[in-house]
Amino acid sequence: MEPSLARYIWTHTKRQQVWILLIVVLSMIPYFLSFDLPKLIVNGPIQGRGFEQPGATRPFMKLHYDLPFIGEVQFFSGFQLDRTATLFALSVVFLLLVIINGLFKLYINTYKGRLGERMLRRIRFDLVDRVLRFPPVYFKRVKSAEVATMVKDEVEPLGGFIGDAFVQPVLLGGQALTAMLFIMVQNLWLGMIAVVIVVIQIVLIPRMRRRLIVLGRERQLTARALSGRVGEIVDGIGAVHVHDTSNYERADIAARLGHIFKIRFDLYQWKFMVKFLNNILAQLTPFLFYMIGGYLVIQGRLDVGQLVAVISAYKDLPGPMKELIDWDQARQDVQVKYQQVVEQFTVVDLIAPRIGALTIDDPDPMTNPLSAISLSIADDGGAMLLDRISFQVKPGETVALVSTATGGAEALAEAFARLNWPHSGRVASGADDLLELPEAVTGRRISYASSDVFLFQASLRDNLLYGLKHAPLTSVPYDGAAADQHRWNIHEARRSGNPDLDIHSDWISYASAGATGPHDLFEAVRRVLDAVVLSRDILDLGLRSSADLTRHTELARRIVELRAALRTRLEHEGLSGLVVPFEPGAYNKEATIGQNLLFGAAAGPELADRALAANPYFASVLRQDGLDRTLYEMGMEIARQAIELFADLPPDHQFFQQLAFMSAEEIPAYETLLQRLKNRPYEAVSENDRAMIVTLSFAYIEPRHRFGLLSDELMSKIVAARNRFYENLPPELQNAVERYDPAKYIAAATVMDNVLFGRVGNNHPDAPDRIRSIVYDILDELGLYAEVLDVGLDFNVGSGGRRLTGGQRQKLDVARALLKRPDFLILNRPLSALDQRMQDKVLRNVLEEARRDGHSQAIVWVVTNPAMAMMFDRVIVFDSGQLVEDGTHETLLAGNGIFKELVS
Amino acid sequence: MLLKDEVGMLQRVPLFSGIEPTKLKLLAFTSDRVSYSAGQILFRQGDEGDAAYVILSGTADILVDSDSGPIKVAELAPNSIVGEIAILCNSTRTATVKAACPLEALRIRKDHFLRLMKEFPEMTIEMVRVLADRLNHTTADLIDARSAK
């Protein structure tokens, strides 16, 4: 990247800079004119010079100046106006000039701001673009948080500066010069005083600021290191807790913050010191004006109007001067920042832009063998992982790489995936060096999965399809405001040197997955998920999440059928007791009292959980039947029993897990509440206290808690209250609850709850498992399996995929590699988190999937267990960075080499 | 059956007879009430031991796998406890327990059970007594078996 900031800015914005300079110069004219006016107004109409005779008139708008070296210049001879009219006319002109100056300022500032923002966008994009082109080895040494902070924070001040880079010195310099010139014109000696002070400022202040720059650089580096450390703590939080090193981390952070504080405080001290000096110098000038100028007036060698004009012109001098000096500091500051960042982003062996160039059309298949030619790979310390290896993988061949601990097969797999660059020798496809091929070829015709999986924080589906998103394949039609916005987006992207690729386009290459479009892609997805034995897990995720009904309409449409199928099946197997269904006219004993009252899924916060008891409308419904009082008394009884049972237990006791309606922390609060309310009549209990107590009843399930509090009468009252609740539901609560309706899908509930449409009995310990396997069967029978799998694909995998288990992540990575249907599938110990049985199963499936539809992918698999090599055409054995054996499984077993040793 | 009835049942289990009723109530409350139909398995030989069961009503058969299929070695009557050995020894189940008729039981989870033993020495002593008693019987059986040879 361009090392000099000024040149970087000039290269990309010269036309805009010149334009804004012109505007600035133009703005000087009204600015200069506005200086002369106060003097004219005071001396002329106010003091009456030139209007000595009554009825005298003076020319108005006669512009002429005595300029040094040029002589008298006359711009306009003017209109004749009398004294009062002159005063008004001059004042109006003054007002006009103020407005014109303001408008110029507005335009200039807006233009500069936009210029700066565009350049900031350009720099940030350039930086990220470079990150995308860094050689792999770079990422072993850099902390991601540091790169992020450079892109985000460290270049931020550049944006503010870029607009000012050339404009500010011209504008402020122009203003300062104008003011200075004006003072000089009025009085040479007073002007000379101002000049001397200004020169002192210009020389002294930047000298003092040098230290500020040094400190600023230190501040930047320490802040960057801090964000790197914070990032490390977040990523390595497990290690911190496992080793009880949180206090070590605290000490480290505190020490860093202390260091940063010291630097920042030094900075402040210097900054204010410099400011103080600067202000003193600026104030010195008016002091001299008043003293010397006043003396000259008293002596009669200077008129008052002139002195006023000089002083008022001087008011405009320190401002621009100070800003000019500030600008200079900002310039040095951002130059340092820019250099620091550019240094970090200047890397040798950057991947050439043509390698990653956008390619819309899919490249031809790789029909040449993939070969390692005298390939050596070294680790970061210089030790050889592979030493002059030569061998070839032919298209369609399946090869197992078996490696001893120091074999180096993993490095070879990485080299095939371009993740590890050769130390010497090369990897080639036919005659082409692999590193010289565009990523459009290698990234689409070669797939790679390893044990070290990275997933993006997005849905499972997005992660799975990530490997298909090479180029925007459709152009999205926009209309109306969206079209304007789109045009604007493209225009601005181009202005900032950003690509104008549309992120909303369909990037998925369906053909790669063997599909023709979105409608049949799912088939391919399901196949690869089945191959890696991940479908069941995703189906479970689907059952446990709530479906997006705009996408999964089929599920909502057939929910009644699904529920009926489950009932029939349970009856058929004599398991009807496992699930107690929700029936609009009946009390469900396995659900809580709250659920029985609400008889719906809370879709908003108004009626959810604890808010239910406090909801005024809900309370009013309960009151009608005296139910509020019954539930209150019941709550009191529950509180009594719970406290009797749990009061002496320490808060961390395991038993508290069992106490669903109260947490250990709440016990003391309920204890005092119980004391307070013990003998108080119901009417005297406050609304809040009632809600606290009634909440307990709401969580009560008779078969589970077994306090014996539920009578038939109470149950029928609750069912009646449920109906009353829905009869007069006020409009503001219409959207807060979805009533359980046997004929309707409940959007706010999970898919499983929707299918069950009831509660699983509390006293059947294996009920959840049995029901789940029945639900699987039914989904399959009704053809809804795919639909629920699709719901599961909406699951967000979390940061780095951490919401999935290690095994699931690895399976997903293999599925992603398979989905692309590459010519060469490179798998680098891909399933290390799984047990051997599962690895074998996935291996068999993957080999089969790779041969489906007459396809013949070459597979290079670094196996974790030599026994797995049996299933491959060819086995290659590595030891100490050397290729030691190469042959079929049988020949190697027949020989007496390392492989035989490894297998036995 | 309500909590207070369960407490009454638990008091009749020798193991818990020395524990005061409020604690038994806590034990009952924190345990799961489970019901099984005839023929259903409470747990299988070889499974991980995660809970002990107190039979509240109904009977269950204790079965041990042998070469000629499962052999019934004992029958569990109401108020008996089963499955505590696997919890104490951290071992797998030594036998299969199968409901002989509709059965109601309290399922006491492993961590709850161990916590109870820590907190109530009376219970632990009773437990040791029962185990020692069983060992006595087993030794006597063994001697009988040896001398019969």
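Residues numbered from 1 in each chain as written. Chains lettered and ligands numbered in written order. Predicted model: local features only at pLDDT ≥ 70, side-chain atom pairs only at ≥ 80, totals over all residues. Heavy atoms only, no water.

Quick word on the overall build of chain B
The helix and strand inventory of chain B stands at 5 helices and 8 strands. For chain B, the sequential pattern of α-helices and β-strands runs α-α-β-β-β-β-β-β-α-β-β-α-α. Its C-alpha atoms give chain B a radius of gyration of 16 Å, within 12% of the compact-globule value 15 Å for 149 residues. Once the C-alpha set of chain B is aligned to its principal axes, its extents read approximately 50 × 35 × 25 Å. The contacts in chain B between residues at least 6 apart in sequence include a share of 71% that link residues at least 24 apart. Computed over 18 positive and 20 negative side-chain charges, the inter-centroid distance for chain B is 3 Å. (Helix = DSSP H or I, 4+ residues; strand = E, 2+ residues; numbered from the N terminus. Rg over C-alpha atoms; globule rule 2.2 N^0.38 Å. Contact = heavy atoms within 4.5 Å. Lys, Arg positive; Asp, Glu negative; His and termini not counted. Charge placed at Lys NZ, Arg CZ, Asp CG, Glu CD.)

Here we look at the packing of helix H5 (residues 167–186) of chain A against helix H10 (residues 318–345) of chain A
Residue and element names in this part refer to chain A. For the pair H5 and H10, interaxial distance at closest approach is 9 Å and the crossing angle is 155°. Taken together, the axes of H5 and H10 are roughly antiparallel relative to one another. The hand of the H5/H10 crossing is left-handed. Residues Gln 168, Pro 169, Leu 172, Gly 173, Gln 175 and Ala 176 of H5 pack against Pro 320, Met 321, Glu 323, Leu 324 and Trp 327 of H10. (Axes fitted to C-alpha atoms, helices over the stretch in contact; angles between N-to-C directions. Parallel < 35°, antiparallel > 145°, perpendicular 65-115°, else oblique. Left-handed = near helix turned anticlockwise from the far one by under 90°.)

As for the sheet that holds strand E7 (residues 96–99) of chain B
All names here are of chain B. Pairing is antiparallel in the open sheet, where 4 strands are placed in the order E2-E7-E4-E5. Pairing within the sheet leaves two strands with one partner each, and these edge strands are strand E2 (41–43) and strand E5 (71–76). The mean inter-strand angle of the sheet, taken between neighbouring strand axes irrespective of direction, is 30°. Where E2 and E7 come together, 2 bridges link them in antiparallel fashion. In the strand pairing of E7, Ile 41 is matched with Lys 98. (Pairing = 2+ DSSP bridges.)

What about the pairing of strand E8 (residues 424–429) of chain A?
One face of the sheet, then the other: side chains in a regular strand alternate in exactly this way. Residues and elements named next belong to chain A. Sheet analysis places strand E5 (residues 370–378) next to E8, joined by 5 bridges and oriented antiparallel. Bridge pairing in E8 places Leu 370 opposite Ser 429. Looking at chain direction, E8 and strand E9 (residues 432–433) are connected through 2 bridges and run antiparallel. Directly across from Ser 429, in E9, lies its bridge partner Asp 432. The antiparallel hairpin formed by E8 and E9 contains 2 residues in its connecting segment, where Gly 430 sits at a positive phi of about 65°.

What about the environment of A:Phe35?
Residues and elements named next belong to chain A. The topology assignment puts Phe 35 in helix H1 (residues 5–46). With 147 residues separating them along the chain, Phe 35 and Phe 182 place their C-alpha atoms 7.8 Å apart. Dropping the residues within four chain positions of it, Phe 35 is found in contact with Thr 178, Ala 179, Phe 182, Ala 313 and Asp 316.

Quick notes on a positive patch on the surface
A contiguous patch of positive charge on the surface is contributed by A:Lys14, A:Arg15, A:Arg114 and A:Arg495. Among the structural elements, A:Lys14 can be located in helix H1. (Patch = residues over 30% accessible without salt bridge, like charges linked within 9 Å, V, L, I, M, F, W, Y side chains within 5 Å. Areas by Shrake-Rupley, 256 points an atom, 1.4 Å probe, with all protein chains shown as cover. Salt bridge = Lys/Arg side-chain N within 4 Å of Asp/Glu carboxyl O.)

Thoughts on the sheet that holds strand E3 (residues 51–57) of chain B
Hydrogen bonds along the backbone pair up the strands of a sheet, which may run parallel or antiparallel. Residues and elements named next belong to chain B. Taken in spatial order, the 4 strands line up as E1-E8-E3-E6 in an open sheet, and their pairing is antiparallel. Two strands bound the open sheet, and with one partner strand each, they are strand E1 (32–36) and strand E6 (81–82). Relative to strand E8 (residues 103–109), E1 runs antiparallel, the two being bridged by 5 bridges. Along E8, the bridge assignment pairs Tyr 36 with Leu 103. Docked against the sheet, helix H1 (residues 3–12) engages E1, E3 and E8, running at close to 105° with respect to E3.

Remarks on the packing of aromatic side chains
Residues and elements named next belong to chain A. One pass over the structure, following the stated rule, counts 29 aromatic pairs over all chains. Ring centres of Phe 134 and Phe 139 lie 5.9 Å apart, and the angle between their planes is 55°; on these two criteria the pair is classed as tilted. Exposure remark for Phe 139: the relative accessible area of 41% places this residue in the partly exposed category. Put simply, the rings of Tyr 617, Phe 618, Phe 698, Phe 725 and Tyr 726 touch in pairs and so form one group of aromatic residues. The ring of Tyr 776 carries the charged tip of Arg 536 above its face, separated from the ring centre by 3.8 Å. (Phe/Tyr/Trp six-rings, centres within 6.5 Å; stacked < 30°, edge-to-face > 60°. Buried < 20%, exposed > 50% of the residue type's maximum accessible area, 1.4 Å probe, protein only. Lys NZ or Arg CZ within 6 Å of the ring centre and 35° of its normal.)

Side note on the interface of chain A and chain B
Many structure descriptions define interface size as the accessible area lost when the parts assemble. With 25 residues of chain A at the contact, the number on the chain B side is 26 residues. Our count for the chain A to chain B interface comes out at 2 salt bridges. The partner of B:Glu6 in a salt bridge is A:Arg706, with the nearest N and O atoms 2.6 Å apart. At the boundary of chain A with chain B, the tally comes to 5 residue pairs in polar contact (both at pLDDT 80 or more). For the side of chain A that touches chain B, the elements supplying multiple residues, two or more each, are helix H22 (627–646) and helix H25 (702–705) of chain A. (Polar contact = N/O pair within 3.5 Å; in protein donor to acceptor, adjacent residues only side chain to side chain.)

Quick look at the pattern of salt bridges
Applying the stated rule across the entire model yields 56 salt bridges over all chains. Between A:Arg558 and A:Glu561 there is a salt bridge, with the nearest N and O atoms lying 3.1 Å from each other. Between B:Asp50 and B:Arg93 there is a salt bridge whose closest N-O contact spans 3.5 Å. Remark: B:Arg93 occurs in the loop between helix H3 (84–89) and E7 and B:Asp50 occurs in the loop between E2 and E3; sequence separation between them is 43 residues. The network of salt bridges with common partners includes A:Lys143, A:Arg229, A:Glu232, A:Glu249, A:Asp252 and A:Arg256.

Details of the pairing of strand E10 (residues 446–450) of chain A
Residue and element names in this part refer to chain A. The buried fraction of E10 amounts to 4 of the 5 residues, a majority that puts the element mostly inside the structure. Pairing of E10 with strand E15 (residues 824–828) involves 5 bridges; the strand directions are parallel. Looking at the pairing, Ser 447 lines up with Leu 825 of E15.

Topic: a nonpolar patch on the surface
Residue and element names in this part refer to chain A. On the surface, Trp 10, Val 18, Trp 19, Leu 22 and Tyr 107 cluster together into a nonpolar patch covering about 480 Å² of accessible area. Ranked by residues supplied to the nonpolar patch, first place goes to H1 with 4 residues. With respect to the element layout, Trp 10 can be found in helix H1.

Focus on the UniProt feature "domain: ABC transmembrane type-1" (unreviewed entry) in chain A
Per the UniProt record, the feature "domain: ABC transmembrane type-1" (unreviewed entry) sits at residues 90–313 of chain A. Helix makes up 88% of residues 90–313 of chain A and strand 0%, whereas the separation of the span's terminal C-alpha atoms amounts to 18 Å. (UniProt positions renumbered as here; feature names shortened; annotations may be inferred.)

Digging into the domain arrangement of chain A
Under the domain assignment used here, chain A contains domain 1 (5–345), domain 2 (370–471 + 798–903), domain 3 (546–582 + 743–793) and domain 4 (585–741). Just the C-alpha atoms count here: the centres of domain 1 of chain A and domain 3 of chain A sit 69 Å apart. (Domains from an automatic or database assignment.)

Observations regarding the environment of A:Glu439
Residue and element names in this part refer to chain A. Checked against the element boundaries, Glu 439 lands in helix H12 (residues 439–445). Judged by relative accessible area, Glu 439 falls into the partly exposed class, the value being 40%. For Glu 439 and Ala 767, which are 328 residues apart along the polypeptide, the C-alpha to C-alpha distance reads 52 Å. Excluding residues that lie within four positions of it along the chain, Glu 439 makes contacts with Ile 355, Gly 356, Arg 418 and Arg 444.

Some details on unusual backbone geometry
Negative phi is the rule for most residues except glycine; trans is the rule for most peptide bonds. All names here are of chain A. The phi torsion at Arg 829 lies on the positive side, around 40°, for a residue other than glycine. Here Arg 829 lies in the loop between E15 and helix H31 (836–850). You will see that Ser 880, though not glycine, has its phi angle at about 45°, which is positive. Inspection of the secondary structure assignment puts Ser 880 in the loop between strand E17 (874–879) and strand E18 (882–887). Owing to a relative accessible area of 48%, Ser 880 belongs among the partly exposed residues under this scheme.

A closer look at helix H11 (residues 409–416) of chain A
All names here are of chain A. A large share of H11 lies buried, amounting to 6 of its 8 residues. Residues of H11 that are buried: Ala 409, Ala 411, Leu 412, Ala 413, Ala 415 and Phe 416. Where H11 terminates, the next one or two residues include Arg 418, which has phi positive at roughly 65°.

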